[in-house]
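# What the coordinates show
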Amino acid sequence: MKRITIETSSPYEALIGENLLDKAGKYMREAGIKAKKAFIVSDDTVLALYGRRVKDALSAAGYAPFTLAFEHGEKHKTLATVEKILSTLCAAEITRSDVLVALGGGVAGDVCGFAAAIYLRGVKFVQIPTTLLAAVDSSVGGKTGVDLPAGKNLAGAFHQPSLVLCDTSVISSLPENLYSEGMAEVVKYGMIKNAAFFEKLEAGNADTENIVETSVRTKAEIVKNDEFDRGERMLLNFGHTFGHAAEKLSGFGMSHGEGVALGMVFACRYAEETGFLREEGLRGRLESALARYRLPALCPFTGKELFKAMTNDKKRFGDTINLVLPRRAGLAEICPTPVETCGEVMEKL
Ligand code: GLY
């Protein structure tokens, strides 16, 4: 098992290894979580698959487990779901010394984390991600929240978990398409900060434990330097600004992973066009790496179409867009770009 300390304002560990689900309570006790009640928040699909094992593991460690399942899917990442969680927490008389457990993918982590951030002005929570995407991205770093009718992730809070348990047996058993989705974020870590990891991914030489460990370490390093997303953490948006726009234009028929994948390739094209990219052939290498993990490289929309969709994105700051562009493999930079200039470049792509 691998242990990584996430050094935020309230430090915590991410544990990565096989069959951690069955010892969730033990690891929570070891992390100093003294609660009596442990309230599991999950979606209906994940709860049916793993709820029993986690409940048993919590009971074995002396916690009284409770469960709440919301309907699965991004469309339930809403204030209504959070309200339902809050009401159920009240009904179960959960106190500030109890703990919430987010069991599932990114939606479970985000809504449970947000409920934990605001219930009684903040209670502890644990992240047990069951998808690769959640393990390598949303479960670490304390971003919680919901979508609003006006857009994704528009309401939320920073609230760090007390522990993250990444069970690689669960993650390895994902259907191929869900695994691929997570791999887009994994390739992103190689591209922005770790050339050796990128090479390993290109060669297909990393197993699930290695993939999760290196991704979480890379994210931990970035979050340590910029917990509240005012600088370096924006690097994690590599591929996302263009990718979100493509997702939006597809009517969200495109998955987040697919959007990030082709968004990263588009960022390479943008950086080629402006001369920012200094490594010849990097785009081809990225495209091959993505193909290895069954991810698309070709954006079905023009630069002009993407730009239009993008300028409504919440990551737009006044007249400047913080584009994240690749310099070479393992190095991306945040490039504040006037909106007008960005539009002119994208017209050509
Ligand atoms: N998912 C991007 C971040 O945590 O900042």
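The structure we're discussing is the one just above.
Let me begin by describing the structure that accompanies this report.

So, how was this worked out
- Residues numbered from 1 in each chain as written.
- Predicted model: local features only at pLDDT ≥ 70, side-chain atom pairs only at ≥ 80, totals over all residues.
- Heavy atoms only, no water.
- Helix = DSSP H or I, 4+ residues; strand = E, 2+ residues; numbered from the N terminus.
- Expected span 1.5 Å × (residues − 1).
- Buried < 20%, exposed > 50% of the residue type's maximum accessible area, 1.4 Å probe, protein only.
- Lys, Arg positive; Asp, Glu negative; His and termini not counted.
- Salt bridge = Lys/Arg side-chain N within 4 Å of Asp/Glu carboxyl O.
- Polar contact = N/O pair within 3.5 Å; in protein donor to acceptor, adjacent residues only side chain to side chain.
- Contact = heavy atoms within 4.5 Å.
- Pairing = 2+ DSSP bridges.
- Axes fitted to C-alpha atoms, helices over the stretch in contact; angles between N-to-C directions.

For helix H2 (residues 44-60), built from 17 residues, the straight-helix expectation of 24 Å at 1.5 Å per residue is met to within 8% by its first-to-last C-alpha distance of 23 Å. Buried within H2 are the following residues: Val46, Leu47, Tyr50, Gly51, Val54, Ala57 and Leu58. Following H2 by one or two positions, Gly62 has its phi on the positive side, about 90 degrees.

What follows covers the side chain of Asp98. Residue position: Asp98 is located in the loop between helix H3 (79-91) and strand S5 (99-104). It is Lys37 that comes nearest to the buried, bridge-free Asp98 among opposite-charge side chains, at 5.0 Å. A polar contact of 2.9 Å, which involves the side chain of Asp98, links it to the backbone nitrogen of Lys37. A polar atom in the side chain of Asp98 sits 2.9 Å from the backbone nitrogen of Thr95. Residues within four places of Asp98 in sequence aside, it is in contact with Ala35, Lys36, Lys37, Glu93, Val123 and Lys124.

The next point concerns the sheet that holds strand S1 (residues 2-6). Where strands meet in a sheet, backbone hydrogen bonds hold them as pairs that are either parallel or antiparallel. Read across the sheet, seven strands follow the order S1-S2-S9-S6-S5-S3-S4 without closing on themselves; strand pairing throughout is mixed. The outermost strands of the open sheet, each flanked by one partner alone, are S1 and strand S4 (64-70). Neighbour to neighbour, the strand axes of the sheet diverge by 20 degrees on average, direction disregarded. Sheet topology places strand S3 (residues 37-43) next to S4; seven bridges connect them, and they run parallel. Its bridge partner lying in S4, Asp43 is registered against Phe70. The strands touched by H2 within the sheet are S3, S4, S5, strand S6 (124-129) and strand S9 (163-167), with S3 carrying the most contacts at an inclination of about 165 degrees. In this fold helix H4 (residues 106-118) packs onto S3, S4, S5 and S6, with an angle of close to 165 degrees to the strand it touches most, S5.

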